[in-house]
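Observations on the three-dimensional arrangement
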Amino acid sequence: MIFKSGALLLVIVGAYALKHLHIFGPRDYKVAQGLVFNMTLPCAIILSFATNKHDMHMLWIVLFGFICCLVPFFIVYFGSRGDEKPYRAFQMLNASGLNLGAFCLPVIQTFMGASAGLPVIMMDIGNAMVATAGALTITRTLLHMDENFKTLPLVLRLRGIAHDFLGSVSFDIYMLMLVFMFAHITIPDPIVTLITPFANANAFMTMAMIGLMMEIPTEHKDRIELLKVIAWRAAFSVVIALAAWYIMPFDMRIREILVLAAFSPITIFSTKFTDSLTGNAKLAGFSLTVTAVIGLVAMTVAHALLPGV
């Protein structure tokens, strides 16, 4: 169990080492970003839907995931007042959202079997409504990081917001899969066969992208902001875990899965959005690596302590 999870972290370290051996350049992470966001992750989402049955009762988990991702944005927005605007953006983007599809899903399936993936997927639908697109729009709007946006006519503003959402392939795929779920449409077997190799590469490509982005922060201010993000995430994780265990109307196994999901690390979309808004991709990549290690330890401990079924 630990070795399989540790292998994901080893990919991060390996990619980081190859960058420092000058096999990869400092901007090569953008190639990995393009592959992950537009190819491997969308295929992984489709494959997850195609290979799991969906109970309509689990739509409560979708709502739970949406709330768990959205509410922290506004808490951090008010709690970070006094910080410089780029660092407020860094905190908002990286203190909220859960890395469910790329990190949590393979870890929980390692702990609890393949069938444990369904609650994670359903939670990620709600989470993705914010994390894959809304996070960028909310942060940029609340912090006024696009001065030209305020001067645009309402129609163009709405068009820009729609572009943030519809321009995210993963968001589009999640919404399409949700429509398929309501319409009881199944994905044909030939398509499943076609996308499987891409989906299987998602975990590796995601971890490699993080390793290529990562750089240990040298600025004192960066280290302070990283500690703030870790503190925010720890507080939110505990609250989400308690809500999942004591409030969600499901059996003990599903509630345990949701508790483990609460300790997911920073989303891969947060690293991309941090790069686009602040240009500090290195800090975002390192933050994701740190929270991935912390999350893996927390998930392991929680799984060991919670009563089994």
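Residues numbered from 1 in each chain as written. Predicted model: local features only at pLDDT ≥ 70, side-chain atom pairs only at ≥ 80, totals over all residues. Heavy atoms only, no water.

With that settled, consider the overall build of the protein. Along the backbone of the protein there are 15 helices and zero strands. Summarising its shape, the C-alpha atoms of the protein cover approximately 50 × 45 × 40 Å along the three principal directions. Within the span of the protein, comprising 309 residues, buried residues form 53% of the whole. In the protein, 86% of the contacts between residues at least 6 apart in sequence involve partners at least 24 apart. Put simply, the protein has 20 plus and 17 minus side-chain charges, and the middle of one group is 3 Å from the middle of the other. (Helix = DSSP H or I, 4+ residues; strand = E, 2+ residues; numbered from the N terminus. Buried < 20%, exposed > 50% of the residue type's maximum accessible area, 1.4 Å probe, protein only. Contact = heavy atoms within 4.5 Å. Lys, Arg positive; Asp, Glu negative; His and termini not counted. Charge placed at Lys NZ, Arg CZ, Asp CG, Glu CD.)

Taking 1.5 Å of rise per residue, 27 residues should cover 39 Å, and helix α12 (residues 220-246) covers 40 Å from first to last C-alpha, within 8% of that figure. Within α12 the residues assigned to the buried category are Asp222, Glu225, Leu226, Val229, Arg233, Phe236, Ser237, Ile240, Ala241, Ala243, Ala244 and Trp245. Buried positions along α12 lie against α3 (59-79), α4 (85-95), α6 (117-142), α13 (252-261) and α15 (281-305). (Expected span 1.5 Å × (residues − 1).)

As a further point, take the pattern of salt bridges. Taken as a whole and assessed by the stated rule, the structure comprises four salt bridges. Here Lys228 makes a salt bridge to Glu225, at a shortest N to O gap of 3.3 Å. Of this pair, Lys228 and Glu225 both sit in helix α12, three residues apart, which is roughly one turn of the helix. Judged by its relative accessible area of 0%, Glu225 is buried. (Salt bridge = Lys/Arg side-chain N within 4 Å of Asp/Glu carboxyl O.)

This brings us to the environment of Met177. Within the secondary structure, Met177 is located in helix α9 (residues 169-183). Taking the C-alpha atoms as reference points, Met177 and Gly25, separated by 152 residues in sequence, lie 36 Å from one another. Each residue touching Met177, except ones within four places of it in the same chain, is listed here: Ile45, Ile46, Phe49 and Ile187.

Given a rise of 1.5 Å per residue, twelve residues ought to cover 16 Å, and the 16 Å separating the end C-alpha atoms of helix α10 (residues 189-200) matches this to within 8%. Buried within α10 are the following residues: Val192, Ile195 and Ala199. End-on, the buried residues of α10 take up no more than an arc of 90 degrees, which puts them together on one face. Residues of α10 that are exposed and angled more than 90 degrees away from the buried face: Pro190, Thr193, Leu194 and Pro197. The secondary structure elements touched by the buried residues of α10 are α2 (29-50) and α11 (202-213). (Arc of directions from axis to C-beta.)

Attention now moves to the nonpolar core. Grouped together as the largest cluster of nonpolar side chains are 104 residues, with contacts concentrated most on Ile61, Ile108, Met123, Ile268 and Met299. In terms of residue count, the dominant contributor to this core is α6 (twelve residues). With residues up to four places along the chain from it excluded, the contact list for Met299 reads Phe103, Cys104, Val107, Ile108, Phe111, Leu260 and Phe263. (Core = buried A, V, L, I, M, F, W, Y, C linked by side-chain atoms within 4.5 Å.)

A word on the packing of helix α5 (residues 100-112) against α6. At a minimum axis separation of 9 Å, α5 and α6 run at an interaxial angle of 165 degrees. The orientation of α5 relative to α6 falls into the category roughly antiparallel. The way α5 lies across α6 gives a crossing that is right-handed. Contact residues: α5 offers Leu100, Gly101, Cys104, Leu105, Ile108 and Gln109, while α6 offers Gly117, Val120, Ile121, Met123, Asp124 and Asn127. (Axes fitted to C-alpha atoms, helices over the stretch in contact; angles between N-to-C directions. Parallel < 35°, antiparallel > 145°, perpendicular 65-115°, else oblique. Left-handed = near helix turned anticlockwise from the far one by under 90°.)

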